[in-house]
Amino acid sequence: MTQHKAFEQPIYVTRPLLPNLSEIHVKLEEVWQSQWLTNIGKQHKQLEKRTTEVLKVPYLSLFNNGTIGLITACQSLRLQGEVITTPFTFAATPHVLMWNNIKPIFCDIDPITMNIDADKIESMITPQTTGILPVHVFGTPCDVEKIQEVADRYGLKIVYDAAHAFGVEINGVGIGNFGDISMMSFHATKLFHTVEGGALTYRDKHLKDRIDLLKNFGIKGQEEVVMPGINGKMNEIQAAIGLVVLNYIEEERRKRAILIDTYRRCLMDVEGISFLSDIAGVKSNSQYFVMRISEKIFGRSRNYVYDEFMKYNVFTRKYFYPLCSEYTCYRHLPSSSMVNLPVAHKVVQEVLSMPLYGELTVNEVEKICDILKSFQ
Ligand code: T4K
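Residues numbered from 1 in each chain as written. Predicted model: local features only at pLDDT ≥ 70, side-chain atom pairs only at ≥ 80, totals over all residues. Heavy atoms only, no water.

A tally of regular secondary structure across the protein gives 13 helices and 17 strands. Relative to the compact-globule value of 21 Å for 376 residues, the protein shows a C-alpha radius of gyration of 21 Å, a close match. Expressed along its principal axes, the backbone C-alpha trace of the protein runs to roughly 75 × 55 × 40 Å. Within the protein, contacts between residues at least 6 apart in sequence are counted, and of these 71% link residues at least 24 apart. Here the protein has roughly 17200 Å² of accessible surface; of this, 53% comes from carbon and sulfur atoms. Taken together, the 40 basic and 42 acidic charged side chains of the protein have centroids lying 2 Å from each other. (Helix = DSSP H or I, 4+ residues; strand = E, 2+ residues; numbered from the N terminus. Rg over C-alpha atoms; globule rule 2.2 N^0.38 Å. Contact = heavy atoms within 4.5 Å. Areas by Shrake-Rupley, 256 points an atom, 1.4 Å probe, with all protein chains shown as cover. Lys, Arg positive; Asp, Glu negative; His and termini not counted. Charge placed at Lys NZ, Arg CZ, Asp CG, Glu CD.)

Time to look at the site of the ligand. Around the ligand, the structure places 26 residues, and the nearest of them are Thr67, Asp161, His164, Ser185 and Tyr319. The backbone of Gly66 places a nitrogen or oxygen atom 2.9 Å from an oxygen atom of the ligand. Within the side chain of Ser185, one N or O atom sits 2.7 Å away from an oxygen atom of the ligand. Burial of the ligand by the surrounding chains reaches 77%, relative to a free accessible area of 910 Å². The cavity that encloses the ligand is the largest pocket. Within the residue set of the shell around the ligand, elements represented by two or more residues are α3 (66-76), α4 (92-98) and β9 (181-185). The class makeup of the residues in the shell around the ligand is 11 nonpolar, 11 polar and four charged. Here the shell around the ligand gathers at least three residues from each of two domains, domain 1 (21-245) and domain 2 (249-374). (Near = heavy atom within 4 Å. Polar contact = N/O pair within 3.5 Å; in protein donor to acceptor, adjacent residues only side chain to side chain. 1 Å grid on protein atoms, 1.4 Å probe; cavity = no way out; pocket = protein on both sides within 12 Å on 5 of 7 lines; lining within 4 Å. Sits in = over half its atoms within 2 Å of the grid points. Nonpolar A, V, L, I, M, F, W, Y, C, P; charged D, E, K, R; others polar. Domains from an automatic or database assignment.)

Another point: the packing of aromatic side chains. All told, the structure shown has 19 aromatic pairs when counted by the stated rule. Relative to Phe375, the ring of Tyr304 lies with its centre 6.3 Å away and its plane at 85°, an arrangement referred to as edge-to-face. Note that Tyr304 is positioned in helix α11 (residues 302-311) and Phe375 in the segment after α13 (362-374), a separation of 71 residues in sequence. Judged by relative accessible area, which is 3%, Phe375 ranks as buried. Ring-pair connections join several aromatic residues into one group, and the members of that group are Phe88, Phe90, Phe138, Tyr288, Tyr319 and Phe320. One residue, Arg300, lies across the ring of Tyr304, its end atom 4.2 Å from the ring centre. Seen from the ring of Phe7, Lys367 lies directly overhead, with NZ or CZ sitting 4.3 Å from the centre. (Phe/Tyr/Trp six-rings, centres within 6.5 Å; stacked < 30°, edge-to-face > 60°. Buried < 20%, exposed > 50% of the residue type's maximum accessible area, 1.4 Å probe, protein only. Lys NZ or Arg CZ within 6 Å of the ring centre and 35° of its normal.)

Here it is, written out as structure tokens:
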């Protein structure tokens, strides 16, 4: 067995896209000159326009983070009662339901895409169900057609958690066009970021007024407040940074795509390691590289690999372990039972998110793969 040396510097699962500081400085000068720091200023308006174009959606509202955006999406559609979602996601997904006094109902996931299993949604519907909250996990699109078909049949709303899916397209259609509303996260760890931030995208123009009011306390004019809104506004500094970052995302995406190809090339013959291939008609955003480790075939468990990598200064992540249905706040729910979620329970023991960001080199990825092979 070859003995590899640990990386001198830690290799994290991701690093934020950081444009040249001088460019940010120029943008901040503009903000300083304007003396306008928040409350829907010039930078906000520009970023809203540009992201609407980039995402190929009819309407978009910026937010100070994705979670507040998702809470607002549920409010804007007046969701209540029960909403069907996936247990294989970040904590924010079920939490936004609770913040709307809605009971999350966990549905099992597809064994390949790891997204909500569209064929199982129908069996989770009760008279209390008002909506579906699927997640395009790791940027892989859900079965949007089947989900829409179920929603139409039962008169349910669909809010997509598209936190990972900035720039993803299905047959040239921006991912933010599906369902009633989609939420994208602009967190520092995402391909496109505004440090913290997010957006809602939708096709219904009537939603624009409602969402924009809801994100600004429901304030219509200086003397009129028309609904119980929240403070979801993206500030001018966030928007200014976003306008600069936006210029770099295509380059970042290209670099990441090369690294993903490298992972695939180095790992394709390793028995017990699997990963998703490109999907026909889908433009990927190369947001994550997630592999699955079959302990039986690879000979080592995902947890073993995760622990061993740390000795080499490689910090992978077990996204999304544990399942949300295992959190203390949700494990009591009937839909959280293991018999309801057999696929999710298997998948969550196998997944490992590998380091992926534009600054990473092909050599580093090759070395990471060699280290992985040495664990066998
Ligand atoms: N829905 C889904 C499906 C989501 O995944 C998320 C967020 C949301 C909703 C909510 O959207 P936001 O409200 O966040 O807009 C990170 C992100 O904080 C979170 O936004 C993201 N999902 C989640 C998948 O990943 P953590 O707890 O893993 O972050 P953290 O601090 O451990 O960072 C991960 C790695 O990134 C670090 O090991 C190093 C690197 N890093 C991180 C930060 C913050 C940097 O190099 N620099 C940085 O500034 O949640």
